[in-house]
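Survey of secondary and tertiary structure
What follows is the residue order along each chain.
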Amino acid sequence: MLMCEVLCCGCRLTGAQAVVWHWCYALLLGTLYAAHVGYLAFFHFDYGYNMAVNVAVGALYTAVWLIWCLKHRKERVYVWKCAVVVLATSGLLALELLDFSPIWWTFDAHSLWHLSTVPLPLLWYSFLMDDASYKPTTKKGV
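Keep in mind the model is a prediction, meaning the values are calculated, not measured. The numbers attached to residues start from 1 for each chain and follow its sequence in the written order. Owing to the predicted nature of the model, reporting of local features is limited to residues with pLDDT of at least 70; listing and counting of side-chain atom pairs is limited to 80 or more, with chain, interface and lining totals taken over all residues. Hydrogens and water molecules were not included; the side-chain quantities draw on all heavy atoms of the structure.

1. Observations regarding the pattern of salt bridges
Our working definition: Between Lys or Arg on one side and Asp or Glu on the other, a salt bridge is scored when a side-chain nitrogen of the former is within 4 Å of a carboxyl oxygen of the latter. Here a helix means four or more residues in a row that DSSP labels H or I, a strand means two or more in a row labelled E, and each is numbered from the N terminus. Buried residues are those whose accessible area, probed at 1.4 Å on protein chains only, stays under 20% of the maximum for their type, while exposed residues exceed 50% and partly exposed ones sit between those limits.
Under the criterion given, the structure shown has 2 salt bridges. A salt bridge links arginine 76 to aspartate 131; its shortest N-O distance comes to 2.7 Å. One end of the pair, arginine 76, is in the loop between helix H3 (47-72) and helix H4 (79-97); the other, aspartate 131, is in helix H6 (residues 120-133), and 55 residues separate them in sequence. One exposure class covers both arginine 76 and aspartate 131, and it is buried. A salt bridge links aspartate 130 to lysine 81, with the shortest nitrogen-to-oxygen separation between them at 2.5 Å. Of the two residues, aspartate 130 sits in helix H6 while lysine 81 sits in helix H4, which places them 49 residues apart along the sequence.

2. Points about H4
Put simply, the test is: Helix span, expected: 1.5 Å multiplied by one less than the number of residues in the helix. What the bend at a residue measures is the angle between two axes, fitted to the seven residues ending there and to the seven starting there. What makes two residues a contact is simply this: any of their non-hydrogen atoms within 4.5 Å.
In this model, H4 (19 residues) spans 28 Å end to end at C-alpha, consistent with the 27 Å of a helix rising 1.5 Å per residue. Along H4, the sharpest change in direction is near 25° and occurs at glycine 91. Check the buried side of H4 and you find it contacts H3 and H6.

3. Details of the confidence of the model for the protein chain
Stated formally: pLDDT: the predictor's confidence for each residue, scored from 0 to 100.
Averaged over all residues, the pLDDT of the protein chain equals 88, while 96% of them reach at least 70. The secondary-structure element of the protein chain with the lowest mean pLDDT is helix H1 (residues 2-14), recorded at 81, while helix H2 (residues 19-42) shows the highest, at 93.

Put into structure tokens, the structure is as follows:
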């Protein structure tokens, strides 16, 4: 799912007219994903390697969305929603990566990660709805 998000925001950053670039970018990401899954499935399943790859892809995802937010912050007043969701997800990643003993023998880092990310899809959906309703005043790309 994260690779799909990287694909979508990369395509979005370059605009709707760059169709050839989008196909090349999709092919590159698909090849990298297939190589990653193939390595884990057929050669050696290394949890540390898998987490490192996921964190790197997540960092790329965060960077691309924040670039998009900076690029459009003046003409689209709702961009803050995107930035908050992306930064909150990145910040809350510490709960996924760091582990600690359960609080009251119930709440461990992983469960708190899931609990803390519950409201984020609501804000993300609000951003998507605002962005889908946006009518640009110029034909300057997305």
